[in-house]
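Below are the chains, spelled out letter by letter.
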Amino acid sequence: MRLGLVGAGFMGGVHLSAYANIPEVEVVGVADARPESAVAGAQLVGARPYASYDELVAAEDVEVVDICLPTAFHRDLAVRAAGEGRHVILEKPIARTIEDAGEILDAFSGGGPRLFVGHVVRFFPEYVAIKQKIDAGDLGTVGMVRTSRRSPFLLGWNDWYADWRVSGGVLLDLVIHDFDFLRWTLGEVERVYARGVLGREYNRLDYALVTLRFRGGAIAHVEGHWGYPGPFNYSIEVAGSRALLTADSTEPGTLEAIREPDAPDGVPDLASGTSPYEAELAHFIHCIATGEESIVKVRDAYEALRISLAATESVLSGEPVTLGGRG
Ligand SMILES: NC(=O)c1ccc[n+]([C@@H]2O[C@H](COP(=O)([O-])OP(=O)(O)OC[C@H]3O[C@@H](n4cnc5c(N)ncnc54)[C@H](O)[C@@H]3O)[C@@H](O)[C@H]2O)c1
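How each quantity is defined
- Residues numbered from 1 in each chain as written.
- Predicted model: local features only at pLDDT ≥ 70, side-chain atom pairs only at ≥ 80, totals over all residues.
- Heavy atoms only, no water.
- Buried < 20%, exposed > 50% of the residue type's maximum accessible area, 1.4 Å probe, protein only.
- Helix = DSSP H or I, 4+ residues; strand = E, 2+ residues; numbered from the N terminus.
- Contact = heavy atoms within 4.5 Å.
- Salt bridge = Lys/Arg side-chain N within 4 Å of Asp/Glu carboxyl O.
- Pairing = 2+ DSSP bridges.
- Axes fitted to C-alpha atoms, helices over the stretch in contact; angles between N-to-C directions.
- Near = heavy atom within 4 Å.
- Polar contact = N/O pair within 3.5 Å; in protein donor to acceptor, adjacent residues only side chain to side chain.
- Areas by Shrake-Rupley, 256 points an atom, 1.4 Å probe, with all protein chains shown as cover.
- Domains from an automatic or database assignment.
- Buried area = accessible area lost by both parts, 1.4 Å probe.

### Some details on helix α1 (residues 10-19)
For α1, a buried count of seven out of ten residues is recorded, marking the element as mostly surrounded by other parts of the structure. Those residues of α1 that fall on the buried side of the exposure criterion are M11, G12, G13, H15, L16, A18 and Y19.

What follows is the structure, given as structure tokens:
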């Protein structure tokens, strides 16, 4: 499958390294506005470097476009590639605004080219195991979840992460991982209440604490931190009526279960040599090749963005936000 990647920065490099291990993919070209990034990215996979998407598709026969551009640039290229009949693998968040996301949804709704959005947390072994245990009913009824995701501030191209209009801040860029996982696992979100430091002058330091109430009754406390003065880390705790599961990235490979005496035994073996990014991209490529449904549906990416934007609105207004159907 001939693939062209656009945006060979931090995440573009992660994707290219993964493709080097996915034999079904031939990366034919890598485009980046910075020539040195295009060259460095292309070298990872023996592809040709290009200065732009235009140059890439003029020179190469591209079936799949992988977009790793700053978030506010997702819409234009995704919609264009759809119009050209190319499948798209798009980094999360699907878009910067709900209007942009709606345009992307519409562009891929015709049954032609397909879209896959990189909600990679669904491929992390701890999260896969937690989802399986919840689905199997091993935890009983889930009542409460607590998540935390903390990242040092990322210095992207032109410092785009610091520009709220381009990145959307910590809620859109980082916490969306947890919003997507929790919605996938616990169902639709009914109400969002969030506090944070959004709008302050220190845009390289962003922090938010979000309470989600799910239609099914569960409550989640979701914490996100940008500019964390330590290594990137995350944790999750899921409390059900029969057992409690916890995972913490500072203790890799661990998933701890504390359970009632009659709850089923066994914490899954998390040992996995495969990068979750590679697992995610291999899954997307498999879905394109076979026509199978992806575990990350376009609608899921749209809904995760809606939750992130509702949380942002709650921070700005100080009021809870109730989520209705798609507007
Ligand atoms: N899934 C994850 O874990 C994860 C982690 C980090 C970032 N991301 C997402 O990946 C996307 C990219 O983030 P990043 O950290 O790689 O950013 P980055 O700034 O490191 O890379 C972006 C690249 O795009 C290039 N670029 C900018 N405009 C361009 C244009 N018009 N044409 C071609 N190239 C252009 C820049 O030169 C840069 O190399 C964002 O949407 C971000 O939210 C996802």
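### Some words on the environment of V62
Within the secondary structure, V62 sits in the loop between α3 (53-59) and β4 (64-67). Sequence separation between V62 and H286 is 224 residues, and the spatial gap between their C-alpha atoms is 17 Å. With residues up to four places along the chain from it excluded, the contact list for V62 reads R2, L3, G4, V28, L56, V57 and R86.

### A short note on the pattern of salt bridges
Overall, the coordinates contain 24 salt bridges when judged by the stated rule. For E84, the salt bridge is made with R86, and the minimal N-O distance between the two is 3.0 Å. For R86, a relative accessible area of 14% corresponds to the buried category. Among the salt bridges present, the one from R204 reaches D159, with a minimum N-O distance of 2.1 Å. In this pair, R204 is assigned in the loop between β8 (189-196) and β9 (206-214) and D159 in the loop between β7 (142-151) and α7 (164-167), connecting sequence segments 45 residues apart. A residue is classified by how much of its surface remains accessible, and R204, at 42% relative accessible area, is partly exposed.

### Considerations on the sheet that holds strand β10 (residues 219-226)
If you trace the eight strands from one edge of the open sheet to the other, you get β13-β12-β11-β7-β10-β9-β8-β14, paired in mixed fashion. The outermost strands of the open sheet, each flanked by one partner alone, are β13 (255-259) and β14 (321-322). Here β8 pairs with β14 via two bridges, running antiparallel. The partner of R191 across the bridge, within β14, is T322. Where helix α9 (residues 176-186) meets the sheet, its contacts fall on β7, β9, β10 and β11 (233-240), and the angle it forms with β7 comes to roughly 160°. Where helix α11 (residues 298-317) meets the sheet, it contacts β8, β9 and β14, and its direction lies at approximately 45° from that of β8.

### What about the site of the ligand?
Taken together, 26 residues lie around the ligand, and D32, W157, Y161, D173 and Y277 are the ones closest in. One nitrogen or oxygen atom from the main chain of K92 is found 3.2 Å from an oxygen atom belonging to the ligand. Y161 places a polar side-chain atom, nitrogen or oxygen, 2.6 Å from an oxygen atom of the ligand. In the complex, the protein chains occlude 90% of the 850 Å² of accessible area that the ligand would expose alone.

### Section: the pairing of β9
Only one face of β9 is buried: it carries D206, A208, V210, L212 and F214, and the other face, with Y207, L209, T211 and R213, is open. Bridging between β8 and β9 involves seven bridges; their strand directions are antiparallel. Considered in β9, the bridge of V189 is made with F214. Sheet topology note: the β9/β10 ladder contains eight bridges and is antiparallel. From the neighbouring strand, L209 faces β10, where its bridge partner is E223. The hairpin formed by β9 and β10 contains four residues between the paired strands, and G217 there has a positive phi angle of roughly 110°.

### What about the domain arrangement of the chain?
Taken domain by domain, the chain consists of domain 1 (2-119) and domain 2 (121-274 + 294-322). Computed from C-alpha atoms alone, the centre-to-centre distance between domain 1 and domain 2 is 26 Å. Each partner contributes residues to the interface: domain 1 has 20 residues there, and domain 2 has 24 residues. Regarding the contact of domain 1 and domain 2, the summed buried area is about 2100 Å², with carbon and sulfur atoms giving 70% of it. Together, R96, I98 and H119 form the three largest contributors to the area buried by domain 1 at its contact with domain 2, with a combined 37%.

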